[in-house]
Amino acid sequence: MNIKSVFAVLLTVGCMACSEKKNDKLVIGVSMLSMQNEFIQQVADAIEKSGKTAEVEIIIVDAERSSLKQVEQVESFISQQVDAIILNPCEFEASSPAVEKAQQAKIPIVNVNSSTKSKPDAFVGSDDAESAKMAMELIAKHVQGKGNILMIQGYMGQAAQLDRERGAKAVLAKYPDLKLLASQTGEWDRAKSMSLMENWIQSYGNDVQAVFAQNDEMGMGAVQALMDAKIKPKVYVVSIDGIQDARKSVDQGFLNATIIQNAEKQGSESLRLAIALAKKQKISQSTMLIPFEIYMGK
Amino acid sequence: MKKIFLKSPTGGIFVALVFVCLLFSGLTSKFFTPMNLSVILNQVSVNAILAFGVTFVIISGGIDLSLGSLLAVCGVVVALLSQQGEFPLAFAFLLTLVVGVLMGAFNGFVVVLTKVPPFIVTLGTMTIGRGLALLLSNGRPISDLNESLNVLGNGTVGGIPIPILFLIGSFIICQIILTKTVFGRYVKAIGGNEMAAFVSGVRVNRIKIYVYMLSGFFAALAGILLTARINTGQPNAGLGFELDAIAAVIIGGTSTRGGKGTITGTLLGVLFIGVINNGLDLINVSAYWQQVIMGGIIILAVVLDLVYQKLKK
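Residues numbered from 1 in each chain as written. Chains lettered and ligands numbered in written order. Predicted model: local features only at pLDDT ≥ 70, side-chain atom pairs only at ≥ 80, totals over all residues.

(A) Spotlight on the overall build of chain B. Per the secondary structure count, chain B includes 14 helices and two strands. For 313 residues, the compact-globule formula gives about 20 Å, and the C-alpha radius of gyration of chain B, at 19 Å, lands near that figure. Along the first, second and third principal axes, the C-alpha atoms of chain B reach 60 × 55 × 40 Å. Sorting the 313 residues of chain B into buried and exposed places 53% on the buried side. Across chain B, the fraction of contacts at a sequence separation of at least 24, relative to all contacts at a separation of at least 6, is 81%. (Helix = DSSP H or I, 4+ residues; strand = E, 2+ residues; numbered from the N terminus. Rg over C-alpha atoms; globule rule 2.2 N^0.38 Å. Buried ≥ 20, exposed ≤ 12 C-beta atoms within 10 Å, placed from the backbone. Contact = placed C-beta atoms within 7 Å.)

See the structure below:
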C-alpha cells in the first residue's frame, strides 16, 4: 500500500465522519472580513454564542480583508456541503462571486454588516449613511443649526467612508447655516487624527463649534488634541461605532456622543435568518436593518 | 559662504525645506507662527526618532521594515505595564526599551546568521510584530494609563513640549554615535564596502547586530512617546510608519546602497515631510490631492538633491 492510497482511505473515512455528523446538526459556515477589527470580532462572537444556544455547528473563518480568500473560503464551504453560509463581505464587487457560487449550489447565503453587488438570500446590517445622519443631526441640534464644523474622514474610498460622508452631507444640505470648514482623512487612526486636529486648531482655532469623526478612534484623537489645546469645552465632538473606549470617554464627559452600531444583534439576527433559510422556512423580510443607538453617557 | 553651502551633503534638502516653508508662509498667515512651528516639531518627534535609528541600518547597507510593528509592540507593552498604578513608570520604560532592543537583536541575528536579505527578514518580523501587538492587547486599545504618561506625551518643560525634548536628545546622541565614535565609522565602512571592512579587521557581524539593536531601541522609544501622546496602547499604531521613516532618511541624502549618510540630513528629511503634512492641512487641500501632492514633492526633493550633488562636482 503506498502513501497515496493511505491518504485516500483516511480521506474517505474522514468524509464519512463528516457526513455522519451532518445528519444530526445543522452546519453554518461563516466567513468574516477581519478578526483584527474589534467590531467584526464582536459580530463573530455573537454568531458563535447564538450558535451554541440554537445547537447548530458554526465554522468561522477569517478572510483577513482579502476578497479572493473569502471567495475560496465560500467554495470550500460549498464542497463541505454546509447547510447555510453567513458572509461578512470584504468588498462590494469583489466578494460578489462568493454569493453567486453559493446560490448556484443552492446553499442559502446571508450577508451581515456590509453588502455585495449580487443579492444574497438575506441581508442583516445597518445603513452607514444613517449613522452619519444621526451624528450630524446631534451636532446641528447642539449648535442650533448655525456654526462651523470639521469632518474627519475614514480611509478614502472605502464603502464606510463614502456612506458616512454621504449621510453627513445630506444633513448639512438641510441646514444652510452649518458650514463645513474642512474635511480630511484621519485614516481611521487615533494618532493621525490627533495630528490633523492639532493642525486644524492652528488654522481655525476659535472658529470651530463641532467636530464629526467617522469612527470612534478618530473622535478620540480629536478629543485628545482639543484637550491639550485647552479648548475642548468649546468644541462638540461626535463619532461612530460605540467601542468600549469611546463609551468610557463619553461617561467621563470628554467625547460628547457616539453612535452605537449593534454588533450583538447583527450577529444573532444573521444566524437566526441563516438557520431559518437552511430549514427552508419562509422569512418575512429579506433585508433587515438593525437601528443605531445614540450613546450620550450614563 | 557659497562654498561651504555647496560642500554640505545636506544642501539640497535644506534648500527644498526652505522652499516649502516659504511657499506655505505665502499661502497662509497661520503657517509661520511660533505656535504652529512647535506643533510641527511635536508631530514629527515620533517619526524623527524612528528615522534616526533606521539611518544607521541604511548606512550599514541594510533596511528595517519592522519599525512600525516594533513601535506597536512596544507601545502596547508600555501601556500594559503602566496601567493605573501597576508598576513605577521608570520600570515600565526600561522593560519596554529592553523589548525593543531584543526584537532588534533578533532581526540582526537572523540577518547575520542566515544571510537572508534584511528586506525579507524584517518583512517577516514586521508581520510577527503586528501579530504580537494584537495578541498582547487582545486586538483592543489599552486605556486607563498612568497619568504621568500623559504628561510625558502632552506636557511641557519651560514652554517646550516634552516630545520635542526627546527629539533633540535623540538627535544629539545619534549625531555623536555616528560622527564621533569608532562604531559610527565602522557602520559607514561596512555600508561602503563590507569585504574591505572585514579584511581590515572590522567585526562585521557584531556591528550589524548592534545596528539593528539600535534601530529597535529607537523604535521602542518612539512607541513609548506615541502611546504617551495618544494616551492609549494601540495594536494598530504605526501602520506604515516604517515607510515614512525610511522616506525621511532617503530624502535626507542617505544612500540606499549604504556607506553614506548623516543624522542632520535625516532630521531635515523628517521636517520636510512634517512641514508638508501640516501645511496641506492648514490650506485645506482635498484629501485625495494631499496624497498626490505629497508623493510629487518627495520625488521633486530627491531630484533636487541629485542636481545639487552634480553641482558640487
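Having put the structure on the table, let's press on.
(B) Broad picture of the confidence of the model for chain A. All names here are of chain A. Residues of chain A with pLDDT of at least 70 account for 92%, and the chain-wide mean is 90. Averaged over each element, pLDDT in chain A is lowest for helix H1 (residues 3-24) (53) and highest for strand E8 (residues 210-213) (98). Across residues 15-22 the pLDDT falls below 50, and counting only partners more than four positions away or on other chains, this stretch makes one contact in the model. (pLDDT = per-residue confidence, 0-100.)

(C) Quick look at the sheet that holds strand E11 (residues 287-289) of chain A. Residues and elements named next belong to chain A. Here we have six strands laid out as an open sheet, ordered E2-E1-E3-E4-E5-E11, and parallel in their pairing. Edge positions in the sheet fall to strand E2 (57-62) and E11, since each of these pairs with one other strand and no more. When the angles between neighbouring strand axes are averaged without regard to direction, this sheet yields 15 degrees. Pairing between strand E1 (residues 27-32) and E2: six bridges, direction parallel. By the bridge assignment for E2, Val27 is matched with Glu57. (Pairing = 2+ DSSP bridges. Axes fitted to C-alpha atoms, helices over the stretch in contact; angles between N-to-C directions.)

(D) Fine view of the sheet that holds strand E9 (residues 236-241) of chain A. Residue and element names in this part refer to chain A. With respect to topology, six strands assemble into an open sheet ordered E7-E6-E8-E9-E10-E12, the strand pairing being mixed. Each end of this open sheet is capped by a strand with a single partner; those strands are strand E7 (178-185) and strand E12 (293-295). Ignoring strand direction, the axes of neighbouring strands in this sheet form an average angle of 20 degrees. The pairing of strand E10 (residues 257-260) with E12 spans three bridges and is antiparallel. Its bridge partner lying in E12, Ile259 is registered against Ile294.

(E) Region of the structure containing the pairing of strand E6 (residues 147-153) of chain A. All names here are of chain A. Among the seven residues in E6, five count as buried, and that is most of the element. Two strands pair when backbone bridges link them, and E6 and E7 are joined in this way by seven bridges, in the parallel orientation. The partner of Leu150 across the bridge, within E7, is Ala182. Handedness of the crossover is the feature at issue here: the chain leaves E6, passes through helix H6 (residues 159-174), returns alongside E7, and the resulting connection is right-handed. Summarising the sheet, E6 and E8 pair through four bridges and their orientation is parallel. Paired with Ile152 across the strands is Ala213, a residue of E8. (Right-handed = clockwise from strand over helix to strand, strands pointing away.)

(F) Spotlight on helix H9 (residues 182-192) of chain B. Turning to H9(B), its buried residues number three or more, namely Tyr186(B), Val187(B), Ala189(B), Ile190(B) and Gly191(B). If you follow the buried residues of H9(B), they end up packed against helix H3 (34-59), helix H10 (194-199) and helix H11 (204-230) of chain B.

(G) Representation of the interface of chain B and chain A within the structure. On the chain A side, the residues contacting the 25 residues of chain B number 24 residues. Broken down by element, the side of chain B that touches chain A gets its largest block of residues, four residues, from H3(B).

(H) Spotlight on the domain arrangement of chain A. Residue and element names in this part refer to chain A. Under the domain assignment used here, chain A contains domain 1 (3-126 + 264-290) and domain 2 (128-260). Listed by partner, the interface residues are five residues for domain 1 and six residues for domain 2. Considered class by class, the residues forming the side of domain 1 that touches domain 2 number two nonpolar, two polar and one charged. (Domains from an automatic or database assignment. Nonpolar A, V, L, I, M, F, W, Y, C, P; charged D, E, K, R; others polar.)

(I) Representation of helix H2 (residues 11-27) of chain B in the model. Taking 1.5 Å of rise per residue, the 17 residues of H2(B) would be expected to cover 24 Å, and the 25 Å separating its terminal C-alpha atoms lies within 8% of that figure. Taken together, the buried positions of H2(B) are Gly11(B), Gly12(B), Ile13(B), Phe14(B), Ala16(B), Leu17(B) and Phe24(B). (Expected span 1.5 Å × (residues − 1).)

(J) Geometry of unusual backbone geometry. Residue and element names in this part refer to chain A. Phi angles above zero are rare outside glycine, and Glu55 is one such case at about 55 degrees. With respect to the secondary-structure elements, Glu55 resides in the loop between helix H2 (38-54) and E2. With 10 C-beta atoms counted inside 10 Å, the residue Glu55 sits in the exposed group. A positive phi angle is found at Lys280, which is not glycine, with a value near 60 degrees. Considering the arrangement of structural elements, one finds Lys280 in the loop between helix H10 (263-278) and E11.

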